[in-house]
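# A look at the structure
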Amino acid sequence: MKKVFKLFCLFFLSFSLFNAPFFGGFYLTNNVFDQDRFDTKHLFAFYINNKVNDHFSIYSRVSTGLKYYANYAGDNARLDKLSVLLNIDLLYFEFKNTGSANVSIDSKINKESSNFDLFSFRIGRIPVVQGSGFFMNMNGDGFDSFFTIKNFKFRIFTITNSLDFSRFFDFQDSSSRPIFTNWDLKRIPNYSYFAKEGNVNGFISDIDTYDYNFFFSNATYSDYSNDEVTRLNRQRYAAVLAGRLFPGFSFSLNQVFYQNFSAHFLANIDLIPNDYIVTYPQQLNNVYYTFGGKYTSMYIGLSANGKIYRGLYYAVEGIYETGFNATYYDTGSEIKYENVMINSFALYSKFSYFFDHITKPALHIEFKYAHGDPNVEFVNGTIVNQSPKTDDESKMDTNYKSPTSPSTGYVMMPGFSNLIIISVGNSVKPMAKLKNPIFNRFSIESELLLMLRPIIKGASFLSEKADFQESGSEYEKAAKAYLGVEVDLSLLWQIFSDFSVMLQGGVFIPNYYIYNDNNALFKIGLSMNVSF
């Protein structure tokens, strides 16, 4: 014990040699009121931040907290989805080389620019953004490292979502949960309640039961012998942690005539055991009863952004996806799976103009495109590819599945696949003329989104009327490609640096030719954030 105490003292003194470290904490409360629920998150953080000298700085933080929501949609309000938050930046350090006074290749334009050669390393539960953020923007457990030399930057990282279980640990952002197949949805207890009539357990919560999965009773279904059930149960103890690995790297060239260029690679490695791709071999006539596949993919992307003219900026990105999807198919007597090659892509572009005015108005135009596949269906919000039904059909999966879904609106928030979104948005600070700094921080943002489906036969996030599901020309009708339009509005008031209030609302007007319910969809939410 004395040795441990001495090591701690030595560690403390090492931080204090050049600049006293800052030991501190803050308490964050984030409350969101929505249509039928109240979400709240409480986070307490303890961190060490020390700038040893001009070249070297160290940062470390440990956070813990509680997250839950109260559901009051039914007759009785109830507390639900309780989880523990754990954020750990185990180590974060930077090294700067002050020898690089001017790193600009274009010295004529950037005469005043200066920067440092920099090396950075992070490990723990960290956010990772790849490319422009349209393609990859999530939190995960792992490491992230990069170094810069003049205008060149190289980055490498590996993160996983395997520890993201809402009853034990939880990420702060819903984008940290990529949904590729039913397996991604069901492995998280928070999602295992979806569309499972009578099911009150999850893949973890019933780990001690005899049945190897939570959908069936082996007393009713005799697909497996007792020895096989025992083997599968043993495997399930490890399988509950089977999430995904996301290793990647990127090369960037920055500030060349005000332009930035990047090439990046990402691998999505599915850790689910093969035995869990299909739950029961016998015919079940319901895709809800299968995990629906093992999805392992790779992404190659190119992006560019920069300044076109004074106040006018752009960003473009293209992503190519390949890999293998262990997709299911129905033989008529049982459900099987086969590996199908993935061949798909996505495109993104954005143009922004910032007006020279005290209220800081800005106008944005965005185009998002994700390729689709005519032979897919949506199940519980996930996309499940099916094997071609005839030998003449292509055995290629052309359905794009993003590692994390980009922003697709506030109301519908559809999965980014077989989808075109054209949006126009603006933002303004209407009270910027006032001298009071509190009112200066009030801003208004609005957005209009047009949603289209590029492949008419592909799956949609809307349930469709029966007359558009018939064979022949009626099914091919072009009106089915139009999905709807959405209008969103948000009011953000950053009252103090540690206190903000945001009111969001929106309406989605669907294409009534294909939508079963003849009504628009509304959503409104109020969030408050406090930290000190």
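Since we're looking at a predicted model, the values are computed, not measured. (Residues numbered from 1 in each chain as written. Predicted model: local features only at pLDDT ≥ 70, side-chain atom pairs only at ≥ 80, totals over all residues. Heavy atoms only, no water.)

## Things to note about the overall build of the protein chain
Across its full length, the protein chain carries four helices and 21 strands. Long-range pairs, those at least 24 residues apart, make up 62% of the contacts in the protein chain between residues at least 6 apart in sequence. Counting only carbon and sulfur atoms, one obtains 61% of the accessible surface of the protein chain, whose full area is about 26,900 Å². (Helix = DSSP H or I, 4+ residues; strand = E, 2+ residues; numbered from the N terminus. Contact = heavy atoms within 4.5 Å. Areas by Shrake-Rupley, 256 points an atom, 1.4 Å probe, with all protein chains shown as cover.)

## Points about the pairing of strand β19 (residues 482-496)
In summary, the side chains of a regular strand alternate between the two faces of the sheet. Where strand β18 (residues 442-452) meets β19, 11 bridges bridge the pair, whose relative direction is antiparallel. Paired with S446 across the two strands is L489, which belongs to β19. Looking at chain direction, β19 and strand β20 (residues 499-510) are connected through 11 bridges and run antiparallel. Each bridged residue has a counterpart across the sheet, and for L491 the counterpart in β20 is L503. With antiparallel pairing between neighbouring strands as the criterion, β19 and β20 make up a hairpin whose turn holds two residues. (Pairing = 2+ DSSP bridges.)

## Topic: the packing of aromatic side chains
Per the counting criterion, the structure on display carries 17 aromatic pairs. Consider the rings of F249 and F251, whose centres lie 5.8 Å apart with planes at 80°: the pair is edge-to-face. Take F249: its relative accessible area is 31%, and that puts it in the partly exposed class. Seen from the ring of Y258, K307 lies directly overhead, with NZ or CZ sitting 5.3 Å from the centre. When the ring centre of Y410 is taken as reference, the NZ or CZ atom of K523 above it lies at 4.6 Å. (Phe/Tyr/Trp six-rings, centres within 6.5 Å; stacked < 30°, edge-to-face > 60°. Buried < 20%, exposed > 50% of the residue type's maximum accessible area, 1.4 Å probe, protein only. Lys NZ or Arg CZ within 6 Å of the ring centre and 35° of its normal.)

## Looking at the pattern of salt bridges
Opposite charge on two side chains lets them pair, provided their charged atoms get close. For the structure shown, the criterion picks out five salt bridges. The partner of R122 in a salt bridge is D144, and the shortest N-O contact between them spans 2.6 Å. In this pair, R122 is assigned in strand β5 (residues 117-130) and D144 in strand β6 (residues 136-149), connecting sequence segments 22 residues apart. Looking at R122, the relative accessible area reads 15%, which means it is buried. Measuring nitrogen to oxygen at the nearest pair gives 3.6 Å for the salt bridge that ties K368 to E366. Considered together, K368 and E366 belong to a single accessibility category, that of buried residues. Through salt bridges that share partners, R122, D144 and R155 make up one connected network. (Salt bridge = Lys/Arg side-chain N within 4 Å of Asp/Glu carboxyl O.)

## Considering the environment of S250
Along the chain, S250 falls in strand β8 (residues 244-256). According to the relative accessible area criterion, S250 is buried, its value standing at 7%. Along the sequence, S250 and K153 sit 97 residues apart, while their C-alpha atoms lie 8.1 Å from each other. The residues touching S250, leaving out its near neighbours within four places in the chain, are Q130, K153, F154, R155, S262, A263 and H264.

## A short note on the side chain of S303
For S303, the position within the fold is in strand β10 (residues 295-309). What S303 contacts, discounting residues up to four positions off in sequence, is G131, N260, F261, S262, H264, V316 and E317.

## Remarks on empty space enclosed by the protein
Following the criterion strictly, the structure yields one cavity of 30 Å³ or more and no others. Taken together, F378, G415, S417, N418, L419, R453, A459, S460, F461 and L483 make up the lining of the largest cavity. Each residue belonging to the lining of the largest cavity can be placed in one class, and the counts come to five nonpolar, four polar and one charged. (1 Å grid on protein atoms, 1.4 Å probe; cavity = no way out; pocket = protein on both sides within 12 Å on 5 of 7 lines; lining within 4 Å. Points joined across faces, edges and corners; volume = space filled by probe spheres on them. Nonpolar A, V, L, I, M, F, W, Y, C, P; charged D, E, K, R; others polar.)

## Observations regarding unusual backbone geometry
Positive phi, normally seen in glycine, also occurs at Y258, with a value near 65°. By the element assignment, Y258 lies in the loop between β8 and β9 (259-270). Its identity as a non-glycine residue notwithstanding, N418 has a phi of 50°, on the positive side. Mapped onto the fold, N418 is located in the loop between β16 (396-397) and β17 (419-428).

## Some remarks on the nonpolar core
Core analysis: the largest hydrophobic core is formed by 33 residues, its most contacted members being F135, Y299 and Y400. Every element with two or more residues in this core is listed here: β5, β6, β7 (152-160), β10, β11 (312-330), β12 (335-354), β17 and β18. The greatest single-element share of this core, amounting to three residues, is contributed by β12. (Core = buried A, V, L, I, M, F, W, Y, C linked by side-chain atoms within 4.5 Å.)

## A closer look at the environment of M412
Mapped onto the elements of the fold, M412 is located in the loop between β16 and β17. For the pair M412 and F522, spaced 110 residues apart in sequence, the C-alpha separation works out to 9.1 Å. Apart from residues lying up to four places away in sequence, M412 is in contact with F461, L462, E486, F508 and L521.

## Considering the confidence of the model for the protein chain
Mean pLDDT over the protein chain stands at 75; residues scoring 70 or higher make up 69%. Contacts from residues 10-23, a stretch scored under 50 in pLDDT, to residues over four places away or in other chains number 20 contacts. Ignoring residues within four places in sequence, the model shows residues 189-217, a span with pLDDT below 50, making 85 contacts including any to other chains. (pLDDT = per-residue confidence, 0-100.)

## Examining a nonpolar patch on the surface
On the surface, a nonpolar cluster with roughly 820 Å² of combined accessible area is contributed by F95, F119, F147, I149, F152, I156, F249, F251, L253 and F261. With three residues, the single largest contributor to the nonpolar patch is β8. (Patch = residues over 30% accessible without salt bridge, like charges linked within 9 Å, V, L, I, M, F, W, Y side chains within 5 Å.)

## Overview of the side chain of T404
Looking at where T404 falls in the secondary structure, it is placed in the loop between β16 and β17. Among the residues examined, T404 registers a relative accessible area of 4% and is labelled buried. Separated by 3.1 Å, the side chain of T404 and the backbone nitrogen of N137 make a polar contact. (Polar contact = N/O pair within 3.5 Å; in protein donor to acceptor, adjacent residues only side chain to side chain.)

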